[in-house]
Amino acid sequence: MADGKDALVGSTVRSASYNVVLQVTFRILTFVMNGILLRYTTKDMIGIVNVRLMLLNQTIVFVAREAFRKACLSKTSEKKWPQVINLLWCVFPIGVLLSFALGYMWLFHLETPDPEKIPNYPLAVFVFAASGSIELLSEQLWVVAQAFVFLRLKVTIEGIANFARCVITLTLVVFVPDLGIVSFCLAQLTFSTLSMLLYYVYFLHLIQRSPQKEPYLEVDFPLKTVRDFFPRALPGKSFFSWGLANLTWSFFKQSFLKKILTEGERYIMTLFQVLTFSQQGIYDVINNLGSLVARCVFMPIEESYYTFFAHTLTRGSFADNQREKSAKIASETLEVVFKFVVLVGLTFLVFGYSYSFLLLDIYGGSTLSSGEGPSLLRWYCLYVLIIAVNGMTECFMFATMSKEDVDAYNYKMMVFSILFLGASWYLTVLGSVGFVIANCLNMLLRIYHRDLVIHV
């Protein structure tokens, strides 16, 4: 078992490294793409696509699958893979229902862009909502890949799909400008369909071989035939584990609140139109620049180490009740990774604050460097450091909380959400900078609470 834990540590480190490479590559592509789009399309178009439509797509995907991922990757004694796969297939119908509900809201209850400036907006809403549901069709394969630490699979598939989306977007926007928002629709649909199909292609190829069991896993590889990809009746057993379903429900209630906390400013922009579409476009571009380090480095590390902590520690047990070796490995790993992400955040704060104006002027010209652009980016430099601390504390806490702890935390997140939305609304008097300040205050409050929980 000791060798298995060591193997898990090594696999987690490699997984984080691969994810960092993927995120860096993708963000460089996005960085280049946005720089070109600023010269070939309008700020209104960027605001509608990158804020409103992507918010629709990401809300559907996140709310539908986040709870299932957290619950099904947990180390539980009652986990049986056929029941896990059955449970994971609930993700798709939930995504379809969300697509209809949110799509209707986006079409009939939000401000509609000027048809003269942005034609085909209803079509775009339909496509971005549908693409979210399409992406969810491979969720059970994603969870299996993560649980069995297929290190390069996620990196390869997301890399191919993101590259295809960037190439299609730029090609159509530059060479077929009359398509307008349809160009972004085709690119998004390609991304979702390709990322879903590639998972099936990989596992279809894999089941023709005999996957070897990893030393730290306590179950055989669950996919032996194509039939195992899909839900099925289990004679003598319940369709899915009710214990795992209850844990999923606890996370599911929490996922709404977490989405509000992480994307609250976009919801306020979208629902209350406190910024124009043009201002939203500028905010999104600078947001992507400011959060580049967070998305390239912190996010893949958090995702990988959540899996590590979930495998290493027993959910719902205090430190004194954990196995001594597992608790030691987890605490030492948390300390090392925590120091690393803080160091990265401090580096970004020191250099990013000083060169904000120069970066924006080179990247987007006076469109970005004039007005509140430099000030907005400077505040993001501080926000990145806070994100570094928040991400690792959240990763560790969620990997170790019991169902009862998750339920109790849901109520606290509701309070955090209300405070955050109130601060965001009030601080809009400062312009888009107010959203960043509200995020900083919200993150600091959550970090303080998690620090209390971790030290219990």
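Residues numbered from 1 in each chain as written. Predicted model: local features only at pLDDT ≥ 70, side-chain atom pairs only at ≥ 80, totals over all residues. Heavy atoms only, no water.

Enquirer: I would appreciate a short explanation of the overall build of the protein chain in the present structure.
Expert: Secondary structure summary: the protein chain contains 17 helices and zero strands in total. Out of the 456 residues belonging to the protein chain, those deemed buried represent 57%. The contacts of the protein chain with a sequence gap of at least 6 include a subset with a gap of at least 24, amounting to 84%. Element-wise, carbon and sulfur atoms account for 67% of the exposed surface of the protein chain, whose accessible area totals about 20000 Å². (Helix = DSSP H or I, 4+ residues; strand = E, 2+ residues; numbered from the N terminus. Buried < 20%, exposed > 50% of the residue type's maximum accessible area, 1.4 Å probe, protein only. Contact = heavy atoms within 4.5 Å. Areas by Shrake-Rupley, 256 points an atom, 1.4 Å probe, with all protein chains shown as cover.)

Enquirer: Got a minute to help me understand the packing of aromatic side chains in this structure?
Expert: According to the stated counting rule, one finds 16 aromatic pairs in the structure shown. Site record: aromatic cluster; members linked through ring pairs are W89, Y200, F229 and F230. The aromatic ring of W142 is capped on one face by R69, whose charged end is 3.5 Å from the ring centroid. (Phe/Tyr/Trp six-rings, centres within 6.5 Å; stacked < 30°, edge-to-face > 60°. Lys NZ or Arg CZ within 6 Å of the ring centre and 35° of its normal.)

Enquirer: How do you make sense of the nonpolar core when you look at a structure like this?
Expert: Soluble, globular proteins show a tendency: their nonpolar side chains are buried together. In this structure, L53, F203, L223, F298 and F309 are the most contacted members of the largest nonpolar core, which totals 138 residues. The element contributing the most residues to this core is helix 2 (residues 43-72), with 18 residues. Apart from residues no more than four positions distant in its own chain, F309 is found in contact with A330, L334, M392, C395, F396 and A399. (Core = buried A, V, L, I, M, F, W, Y, C linked by side-chain atoms within 4.5 Å.)

Enquirer: Any chance you could explain a nonpolar patch on the surface here in plain terms?
Expert: There is a patch of nonpolar side chains on the surface, built from V350, F351, Y355, L358 and I362 and spanning about 570 Å² of accessible area. Within the residue set of the nonpolar patch, elements represented by two or more residues are helix 12 (324-354) and helix 13 (356-364). The residue V350 is located in helix 12 in this model. (Patch = residues over 30% accessible without salt bridge, like charges linked within 9 Å, V, L, I, M, F, W, Y side chains within 5 Å. Salt bridge = Lys/Arg side-chain N within 4 Å of Asp/Glu carboxyl O.)

Enquirer: Would you take a moment to explain unusual backbone geometry for this structure?
Expert: When glycine is set aside, most residues are seen to have a negative phi, and most peptide bonds are trans. Unlike most non-glycine residues, N120 shows phi in positive territory, near 65°. Within the fold, N120 resides in the loop between helix 4 (91-108) and helix 5 (121-135).

Enquirer: I keep staring at the side chain of S131 and nothing clicks. Help me out?
Expert: The residue S131 is located in helix 5 in this model. What makes S131 buried here is its relative accessible area of 0%.

Enquirer: Sorry if this is basic, but what is going on with the packing of helix 2 against helix 5 here?
Expert: Packed helices, taken two at a time, are described by the angle between their axes plus the distance between the axes. Running from N to C, helix 2 and helix 5 cross one another at 30°; their axes reach a closest spacing of 9 Å. The angle between the axes of helix 2 and helix 5 places the two elements in the roughly parallel class. In this structure, the crossing between helix 2 and helix 5 has a hand that is right-handed. Here I48, V49, R52, L53, M54, L56, N57, I60, V61 and R65 of helix 2 lie close against helix 5, whose contacting residues are Y121, A124, V125, F128, A129, S131, G132 and E135. Classifying every residue of the contact of helix 2 with helix 5 gives 12 nonpolar, three polar and three charged. (Axes fitted to C-alpha atoms, helices over the stretch in contact; angles between N-to-C directions. Parallel < 35°, antiparallel > 145°, perpendicular 65-115°, else oblique. Left-handed = near helix turned anticlockwise from the far one by under 90°. Nonpolar A, V, L, I, M, F, W, Y, C, P; charged D, E, K, R; others polar.)

Enquirer: I keep staring at the environment of P122 and nothing clicks. Help me out?
Expert: Position of P122 relative to the elements: it lies in helix 5. Spatially, the C-alpha atom of P122 lies 6.5 Å from that of L107, the residues being 15 residues apart in sequence.

Enquirer: Looking at this structure, how should I read the environment of Y380?
Expert: Mapped onto the secondary structure, Y380 falls in helix 15 (residues 373-400). The spatial distance from the C-alpha of Y380 to the C-alpha of C440 is 9.0 Å, given a sequence separation of 60 residues. When neighbours within four sequence positions are excluded, Y380 is seen to be in contact with Y283, I286, N287, G290, S291, F348 and V436.

Enquirer: Sorry, what's going on with the pattern of salt bridges here?
Expert: Any two side chains of opposite charge can pair, given that their charged atoms come close. Evaluated as defined, the whole model comprises 10 salt bridges. Its salt-bridge partner being E158, residue K154 comes within 3.6 Å of it at the nearest N-O pair. Here K154 pairs with E158, and both are found in helix 7 (residues 151-175), just four residues apart, close to one helical turn. For K154, a relative accessible area of 7% corresponds to the buried category.

Enquirer: Whenever I open this one, helix 16 (residues 403-426) confuses me. Can you help?
Expert: Since the α-helix advances by 3.6 residues per turn, residues separated by three or four positions end up pointing in the same direction. The terminal C-alpha atoms of helix 16 lie 35 Å apart, and with 24 residues this matches the ideal 34 Å at 1.5 Å per residue to within 8%. Residues of helix 16 that are buried: V406, D407, Y409, N410, M413, F416, S417, F420 and S424. (Expected span 1.5 Å × (residues − 1).)

Enquirer: Is there a simple way to think about the packing of helix 3 (residues 81-88) against helix 6 (residues 139-147) in this case?
Expert: Contact geometry for helix 3 and helix 6: axes closest at 8 Å, N-to-C directions at 140°. Here helix 3 lies oblique to helix 6, going by the angle between them. You can see that helix 3 and helix 6 cross each other, and the crossing is right-handed. Residues W81, I85 and L88 of helix 3 form the contact with helix 6, whose own contacting residues are E139, Q140, V143, V144 and A147. Along the lines of polarity and charge, the residues of the contact of helix 3 with helix 6 split into six nonpolar, one polar and one charged.

Enquirer: I tried to follow the confidence of the model for the protein chain on my own but got confused; where do I start?
Expert: Caution applies to low-pLDDT parts of the model: their predicted coordinates are not meant to be read in detail. Per-residue confidence for the protein chain gives a mean pLDDT of 83, with 88% of residues at or over 70. Every residue in residues 213-219 scores below 50 in pLDDT, and together they form 19 contacts with partners more than four places removed in sequence or on other chains. (pLDDT = per-residue confidence, 0-100.)

Enquirer: Got a minute to help me understand the side chain of R69 in this structure?
Expert: Among the structural elements, R69 can be located in helix 2. Overall, the relative accessible area of 12% leaves R69 in the buried class. In contact with R69, not counting residues within four places along its chain, are E139, W142 and V143.

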